[in-house]
Amino acid sequence: MERRGRTNTIGEMKIFAASASKTLAKSVAVQLKLELGDAETGFFPDSESKVIINETVRGGDIFIIQSTCAPVNDNLMELLIMIDAMRRSSAGRITAVVPYFGYARQDRRARSHDPISAKLVADMITSAGADRILSMDLHCPQIQGFFNIPLDHLRGIYLFLQYYRMKSGIGDNLDDVVIVSPDFGSVARCKYFAELLGVPLAIVDKRRLDDKKSKIDHFIGDVRGKKAILLDDVLATGGSLCNAAKTVMDNGAKDVFACVTHPILCGDAVKNLIASDIKELVVLDTIELTPEKRNDKIKVLSVAEYLANAIHCIHTNESIGELFEVMSTDGMVSFETL
């Protein structure tokens, strides 16, 4: 993406890493040709989160990178404390870069007396002193409306688009490919993905029985003799995705692949994936995978350059929408297998 310098009244750009995203933040800083800001994070003896900023941030354009993944409450609290520290140190502008936004699945009152935790978290981040939010693939797009400050919403679909266009056996024969939505909640993103690739769409009709179990009632579409690609935003235990893969194979697919933005991979997720019909799972590094969660079936693509370009756009007051247009056509953002 061409970077056009424009007059900007905000001060020097600085990138700070919180505990959950230190590797990603370092890669983003490298892309921006910056050193990471000097900050320490940890815990007091009584388990309270501790943040120490070791450099001046007065008047600066501060970007704090922190996914609120497990341990969710610790990482969220650390983000809030770091935002507060920056505000009290007279930062010019504070952008919370939250690649994975925790509590996003609690976005409405599904039952009587339910909380709307996503709204609560949005209020907490705003109250702590954030001026802007940068996130990726929110579980529900309406969460953008929970914030009374600007929110830039990145879509991981563009990285998957580039990957599959270049992948041998898929990108060179898209007539042999079908995009499959693992449930009705993912239809919109899967439909857009299918349109960008120029391939058909199929849908798995999943009914959730409780927080841990679901069952598949119907399958809509034709995957016979095709290579099917499942697309979703979050992979927790992997049960739903693996069941969808089995359904696709039962309906005559030749191979089944999957791509997921946020690899939570809790419980028996890796074991479920290994035993499943999924030939390859592509995920993004919005959540860092620990060694025990890595497997030959899992390919990790980096979002570092994507985030770096978005941060540059925010800092220089350029359009992030133009970045999306470039990525959907030219595939200008590179990826790395970690």
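Attention in this report is confined to the structure presented alongside it. Since we're looking at a predicted model, the values are computed, not measured.

1. Regarding the pattern of salt bridges
- In this structure the tally under the stated criterion is 16 salt bridges.
- Here R189 makes a salt bridge to D233, at a shortest N to O gap of 3.7 Å. Of the two residues, R189 sits in helix α5 (residues 187–197) while D233 sits in strand β11 (residues 227–235), which places them 44 residues apart along the sequence.
- For D233, a relative accessible area of 2% corresponds to the buried category.
- One connected set of salt bridges, linked through shared partners, spans D84, R87 and R88.

2. Quick word on unusual backbone geometry
- Here the bond from A70 into P71 is cis, since omega is -5°, no more than 30 degrees from zero.
- Structurally, P71 is set in the loop between β4 (61–65) and α2 (72–88).
- A positive phi angle, near 60°, is found at K33, a position not held by glycine.
- With respect to the helices and strands, the residue K33 is situated in the loop between α1 (22–31) and β2 (39–43).
- Look at K33 and you get exposed, because its relative accessible area is 76%.
- Even without being a glycine, Y103 presents a positive backbone phi close to 70°.

3. Regarding the nonpolar core
- Ranked by internal contacts, the top residues of the largest apolar core, which has 48 residues, are Y164, F193 and I311.
- With 8 residues, helix α8 (residues 304–315) is the single largest residue contributor to this core.
- Excluding residues within four positions of it along the chain, I311 makes contact with M13, I15, V28, L32, F63, I65, V97 and L134.
- In this structure, V57, A104, L138 and C140 belong to the second largest nonpolar core, which totals 32 residues.

4. Topic: the pairing of strand β1 (residues 13–17)
- Within β1, 5 of the 5 residues are buried, which leaves it mostly tucked inside the rest of the structure.
- On β1, burial covers both faces: M13, I15 and A17 on one face and K14 and F16 on the other are all buried.
- With 5 bridges connecting them, β1 and β4 associate as parallel partners. Note that in β4 the partner of M13 across the bridge is D61.

Conventions and cut-offs
Residues numbered from 1 in each chain as written. Predicted model: local features only at pLDDT ≥ 70, side-chain atom pairs only at ≥ 80, totals over all residues. Heavy atoms only, no water. Salt bridge = Lys/Arg side-chain N within 4 Å of Asp/Glu carboxyl O. Helix = DSSP H or I, 4+ residues; strand = E, 2+ residues; numbered from the N terminus. Buried < 20%, exposed > 50% of the residue type's maximum accessible area, 1.4 Å probe, protein only. Core = buried A, V, L, I, M, F, W, Y, C linked by side-chain atoms within 4.5 Å. Contact = heavy atoms within 4.5 Å. Pairing = 2+ DSSP bridges.

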